[in-house]
Amino acid sequence: MEQGDLPLYVKIEDDLQFKINSGEWLTGDKIPPEKELEESYNVSRITVRRALDDLVQKGYLIRERGKGTFVLDPPTEVNDKPSYTVVKSFTNEMLELGKKPVTTWADVKKIPASTIIARHLEINEGAPVLKIARVRGADDTVITYSVTFIPYSIKYSLDSKDYYGSLYDYLGRFNIHVNRQTEYVEAVPSTDNLMRFLDMSKPEPLLKRVREIADSNSNYTEYSVNYYVGSRYRYYVTL
């Protein structure tokens, strides 16, 4: 089945799941009612309900009678993956390919850690974290949309302009130098939300990379979810 032929309920399910995985919807949040989702996606109630039913079965949502539908702590992703690999940063990847990395959009916010973010960062649920969302590319082409979470420190800027360059160059100002990385990679369908961020004119498969990064010397930890346009990016592994 072609990406564009996916049933409407699957596309909606993917978009709602993205809102949860990216941290836009946090654990415990009440999601919009079905009527509002119908109008937002311009679909029938049956279609919305099918998407919600699937997310309930997968453990992303829970319905509470008379109250509404709420976000659950998403199922653990990293721990059930069979293998990991250490990789370079996006900036270094592009430079090694002879391309100039650029950030076309960035947004930074201070938010409370959801259950899943707290677990990945090994901090208390509700502790302040920095959420950095960015769109990056090279040679005038958008390649990736990433959402990064790090434990908040007053030393970190809340000005999005400070995150248009290399994140690790910025962290180097605070003597933070990443020396441990693990990740898993999988193919996922594109959603309307991701297509807007990635400047895509039509649906196509995306490469999703979920990464845990750390600096054992400074106790720095980071959790990020990254989406790459499959036709614009190649994944290299050096053994």
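Everything that follows concerns the structure shown earlier in this document.
The sections below set out a description of the structure shown in this document.

### Remarks on the nonpolar core
- Residues I117, Y145, F149, L198, L206, Y223 and Y227 are the most contacted members of the largest nonpolar core, which totals 27 residues.
- Where this core is concerned, the elements lending two or more residues are helix 5 (115-121), strand 4 (128-138), strand 5 (141-151), strand 6 (180-188), helix 7 (192-197), strand 7 (206-215) and strand 8 (220-229).
- With residues near it in sequence (within four places) discarded, Y145 still touches F18, W105, A133, R134, V135, L194, F197, L198, V225, N226 and Y227.
- L37, A51, L52 and L61 belong to the second-largest nonpolar core, a separate cluster that totals 15 residues.

### Observations concerning helix 3 (residues 45-58)
- Along its 14 residues, helix 3 runs 20 Å from first to last C-alpha, staying within 8% of the 20 Å computed at 1.5 Å per residue.
- For helix 3, every residue scored as buried is listed here: T47, V48, A51, L52, D54 and L55. The buried residues of helix 3 occupy an angular sector of 155 degrees when the element is viewed end-on, so they sit on one face. Counted as exposed and oriented over 90 degrees from the buried face of helix 3: I46 and Q57.

### A closer look at the packing of helix 1 (residues 8-21) against helix 3
- In contact at an axis separation of 8 Å, helix 1 and helix 3 are set at 50 degrees when each is read in the N-to-C sense. Accordingly, the angle class assigned to the pair helix 1 and helix 3 is oblique. Handedness of the crossing formed by helix 1 with helix 3: right-handed. Facing L8, Y9, I12, E13, L16 and Q17 of helix 1, the residues of helix 3 in contact are T47, R50, A51, L52, D54, L55 and K58.
- Residues belonging to the contact of helix 1 with helix 3 are distributed by class as follows: seven nonpolar, two polar and four charged.

About the cut-offs
- Residues numbered from 1 in each chain as written.
- Predicted model: local features only at pLDDT ≥ 70, side-chain atom pairs only at ≥ 80, totals over all residues.
- Heavy atoms only, no water.
- Core = buried A, V, L, I, M, F, W, Y, C linked by side-chain atoms within 4.5 Å.
- Buried < 20%, exposed > 50% of the residue type's maximum accessible area, 1.4 Å probe, protein only.
- Helix = DSSP H or I, 4+ residues; strand = E, 2+ residues; numbered from the N terminus.
- Contact = heavy atoms within 4.5 Å.
- Expected span 1.5 Å × (residues − 1).
- Arc of directions from axis to C-beta.
- Axes fitted to C-alpha atoms, helices over the stretch in contact; angles between N-to-C directions.
- Parallel < 35°, antiparallel > 145°, perpendicular 65-115°, else oblique.
- Left-handed = near helix turned anticlockwise from the far one by under 90°.
- Nonpolar A, V, L, I, M, F, W, Y, C, P; charged D, E, K, R; others polar.

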